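A look at the structure
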Amino acid sequence: MLRRLSAAAGGVAVVFLLSACGTGGSVSSASSDKQNGRKLFQDKCAGCHTLSAAGSSATIGPNLDASFAQARSDGFKESAILDIVHDQIKFPGQYPVSQNDSDYLKANMPADLVAGQSAIDVAAYVAANAGKQGFAEAQAVTGTNGKQIFVTKCGGCHTLKSAGTTGAQGPNLDLLMPPFAIVKNQVIKGGGIMPAFKGVLTDAQIAAVAKYVAKHAGKP
Ligand code: HEC
Ligand code: HEC
């Protein structure tokens, strides 16, 4: 079951399509606000999922471009993908979690991160964009611009006013105001659902994002 995270994307999406039957029912995208969905995605989902349209590159949950590229090319309608995503928000699986064993998830997806109209908006946004450009790779951050690194790698989980992010999975860094050494250590090692970034970001990038956070946390 856990293997499906690394399994071929088409299989994954089809599993979800089948499991979607009889749970949440069908949702119409006619009344959705995808602009709002994009904002909500960046706040609530980007910390765990790669979606190239949203500029997110997290790897805790499946890469949503990969999950839906195959389904899309197999001719699944956008409305079917919307239903899958909407059901996933309501009924995510709960699986064994282990930081160390690569066969296990790093974290479970919490249920009801968004509800009601917000859930429809996010699902419609994902359905309109996931896999549109094929199997997009997780967007690589190449430079050492601390703010840019923060927005793509950290902002989905952390609020930091200076970067314009409002994630709430991790502590609000404006309130925490952590010094450089603490941020750097946390980024290298991770903790809780926060992934370790050693090997994901270069040493220079880790130093750059830590410097950026230490300098700007608690400031406008
Ligand atoms: C704390 C991390 C986390 C957050 C935040 C999160 N997810 Fe997930 N998501 C996961 C994990 C882990 C899985 C795989 C396990 C499962 O299916 O529940 C997953 C699975 C999915 C899947 C199924 C894809 C597949 O190939 O199996 C979709 C769709 C999805 N998430 C959408 C969302 C949306 C939309 C949001 C925001 C409302 C969101 N996720 C927020 C961790 C997260
Ligand atoms: C998937 C969500 C997620 C992502 C992505 C994430 N964090 Fe975190 N972060 C958390 C959580 C949850 C905690 C609290 C965990 C703990 O108690 O160790 C945390 C804690 C922290 C702390 C507090 C450390 C302390 O000792 O008080 C800092 C600083 C931090 N993160 C910075 C970052 C930076 C910088 C990035 C990007 C390179 C990042 N985080 C990415 C979820 C995340």
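Going by the structure above, here's the rest.
A brief look at the structure comes next.

What counts, and at which threshold
- Residues numbered from 1 in each chain as written.
- Chains lettered and ligands numbered in written order.
- Predicted model: local features only at pLDDT ≥ 70, side-chain atom pairs only at ≥ 80, totals over all residues.
- Heavy atoms only, no water.
- Donors = N, O, S within 2.8 Å, 3.2 Å for Na, K, Ca; no water.
- Tetrahedral: all angles 85-135°; square planar, octahedral: opposite > 155°, others 65-115°.
- Helix = DSSP H or I, 4+ residues; strand = E, 2+ residues; numbered from the N terminus.
- Buried < 20%, exposed > 50% of the residue type's maximum accessible area, 1.4 Å probe, protein only.
- Near = heavy atom within 4 Å.
- Polar contact = N/O pair within 3.5 Å; in protein donor to acceptor, adjacent residues only side chain to side chain.
- Nonpolar A, V, L, I, M, F, W, Y, C, P; charged D, E, K, R; others polar.
- Phe/Tyr/Trp six-rings, centres within 6.5 Å; stacked < 30°, edge-to-face > 60°.

1. A few points about the coordination of the iron atom of ligand 2
Coordination of the iron atom of ligand 2 by the protein is provided by His158 (NE2) and Met194 (SD), with metal-donor distances spanning 2.0 to 2.1 Å. Coordination at the iron atom of ligand 2 is octahedral, judged from the six donor atoms that bind it and the angles of 88 to 178° they form at the metal. Remark: Met194 occurs in the loop between α8 (180-189) and α9 (203-216) and His158 occurs in the loop between α6 (146-153) and β3 (159-160); sequence separation between them is 36 residues. Judged on exposure class, the residue His158 and its partner Met194 are both buried.

2. Quick look at the site of ligand 2
Taken together, 20 residues lie near ligand 2, and Cys154, Cys157, His158, Gln186 and Met194 sit nearest. One of the side-chain nitrogen or oxygen atoms of His158 is found 2.8 Å away from a nitrogen atom of ligand 2. Among the elements that make up the shell around ligand 2, the one with the highest residue count is α8 (four residues). Across the shell around ligand 2, the residue classes tally to 13 nonpolar, six polar and one charged.

3. Brief notes about the coordination of the iron atom of ligand 1
Each angle at a metal carrying four tetrahedral donors should ideally be 109.5 degrees, and each at a metal carrying six octahedral donors should ideally be 90 or 180 degrees. Bound to the iron atom of ligand 1 are the protein donor atoms His49 (NE2) and Met109 (SD), situated 2.0 to 2.2 Å from the metal. The site at the iron atom of ligand 1 holds six donor atoms, and with the angles between them running 88 to 179°, its shape is octahedral. With a gap of 60 residues between them, His49 in the loop between α2 (34-44) and β1 (50-51) and Met109 in the loop between α4 (78-90) and α5 (116-129) connect regions that are remote in the sequence. The exposure class of His49 is buried, given its relative accessible area of 9%. According to the relative accessible area criterion, Met109 is partly exposed, its value standing at 21%.

4. Topic: the site of ligand 1
Close to ligand 1 lie 28 residues, the nearest being Cys45, Cys48, His49, Ser67 and Met109. Within the contact set of ligand 1, an oxygen atom lies 3.1 Å away from a side-chain nitrogen or oxygen of Gln88. Among the elements of the structure, α1 (9-20), α3 (64-73) and α4 are those that each provide at least two residues to the shell around ligand 1. For the shell around ligand 1, a count of residues per class yields 19 nonpolar, seven polar and two charged.

5. With respect to the packing of aromatic side chains
The geometry of two aromatic rings is summed up by the distance between their centres and the angle between their planes. Scanning the model with the defined rule gives two aromatic pairs in all. Ring centres of Phe41 and Tyr125 lie 6.1 Å apart, and the angle between their planes is 55°; on these two criteria the pair is classed as tilted. Pair noted here: Phe41 is in helix α2 and Tyr125 is in helix α5, with a separation of 84 residues, a long-range link. Between the aromatic rings of Phe150 and Tyr212, the centroid separation amounts to 6.2 Å while the plane-to-plane angle is 50°, which identifies the pairing as tilted. Within this pair, whereas Phe150 is found in helix α6, its partner Tyr212 is found in helix α9, the two being separated by 62 residues in sequence.

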